[in-house]
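# Structure assessment
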Amino acid sequence: NGDISHKQWCDITAEYFTKKDLKKEQIELIAKQIYLMPGTEDVFKTLYENGIPIYICSGSIDIIIEYVLGNLKEYVRKIVCNQFAYDSSGTKLK
């Protein structure tokens, strides 16, 4: 309702996840519970073969989208979503 901007919402969310010490492995556990709709692979391949680019604009987290898409990511021209950056151990948000 216009009380805060999208950037402010993202900053608040990132701060919350950082305070809760959300680890990369926890996000991956969430991603393992998400499945694409039946037929998604066929649709992606058909669009790609017909030169129709696929763009994904999501309020989700990059790690989740990439995990759920798996090899289908190769058919996607661009993904715009929330980017989480972790240290090399995957335990701390940067």
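Our structure is the block above this text.
This report concerns the structure included in the present document. Note on numbering: residues in each chain are counted from 1, in written sequence order. Local features in this predicted model are restricted to residues whose pLDDT is 70 or higher, and side-chain atom pairs enter the listing and the counts only when it is 80 or higher, whereas totals over whole chains, interfaces and linings include all residues. With hydrogens and water stripped out, all remaining heavy atoms of the structure feed into the side-chain values.

## Focus: the overall build of the protein chain
For the protein chain, the helix and strand inventory stands at four helices and two strands. Put simply, DSSP H or I for four residues or longer makes a helix, DSSP E for two residues or longer makes a strand, and each gets a number counted from the N terminus. Helices (α) and strands (β) of the protein chain occur, in sequence order from the N terminus, as α-α-α-β-α-β. For a compact globule of 94 residues, the expected C-alpha radius of gyration is about 12 Å, and the protein chain comes in at 16 Å, more than 25% above that figure. Along the first, second and third principal axes, the C-alpha set of the protein chain runs to 45 × 35 × 20 Å. Exposure categories follow from relative accessible area, calculated using a 1.4 Å probe and restricted to protein chains: below 20% of the type maximum is buried, above 50% is exposed, and the middle band is partly exposed. Burial statistics for the protein chain: of 94 residues in total, 22% are counted as buried. In what follows, a contact means two residues having at least one pair of non-hydrogen atoms within 4.5 Å. Of all intrachain contacts in the protein chain linking residues separated by at least 6 positions in sequence, the fraction that spans at least 24 positions is 52%. Values of the radius of gyration come from C-alpha atoms, whereas the globule rule sets the reference at 2.2 Å times the count of residues to the power 0.38.

## Focus: the environment of I56
Position of I56 relative to the elements: it lies in strand β1 (residues 54-61). Distance from I56 to K73, taken between C-alpha atoms, is 10 Å for residues 17 residues apart in sequence. Contacts of I56, omitting those with residues within four sequence positions, involve L69, V76, K78, I79 and V80.

## With respect to the pattern of salt bridges
Note on definitions: salt bridges are taken to be side-chain nitrogens of Lys or Arg within 4 Å of carboxyl oxygens of Asp or Glu. Counted by the stated rule, this structure contains five salt bridges. Put simply, K19 and E15 hold a salt bridge, and the shortest N to O gap is 3.1 Å. In this pair, K19 and E15 both sit in helix α1 (residues 6-19), four residues apart, roughly one turn of the helix. Residue classification places E15 among the partly exposed positions, given a relative accessible area of 44%.

## So, the environment of K24
Residue position: K24 is located in helix α2 (residues 24-31). Residue classification places K24 among the partly exposed residues on the basis of a relative accessible area of 33%. Note: C-alpha distance between K24 and A85 (61 residues apart in sequence) is 9.1 Å. Those residues in contact with K24, other than ones at most four positions away along the chain, are I63, Y86 and G90.

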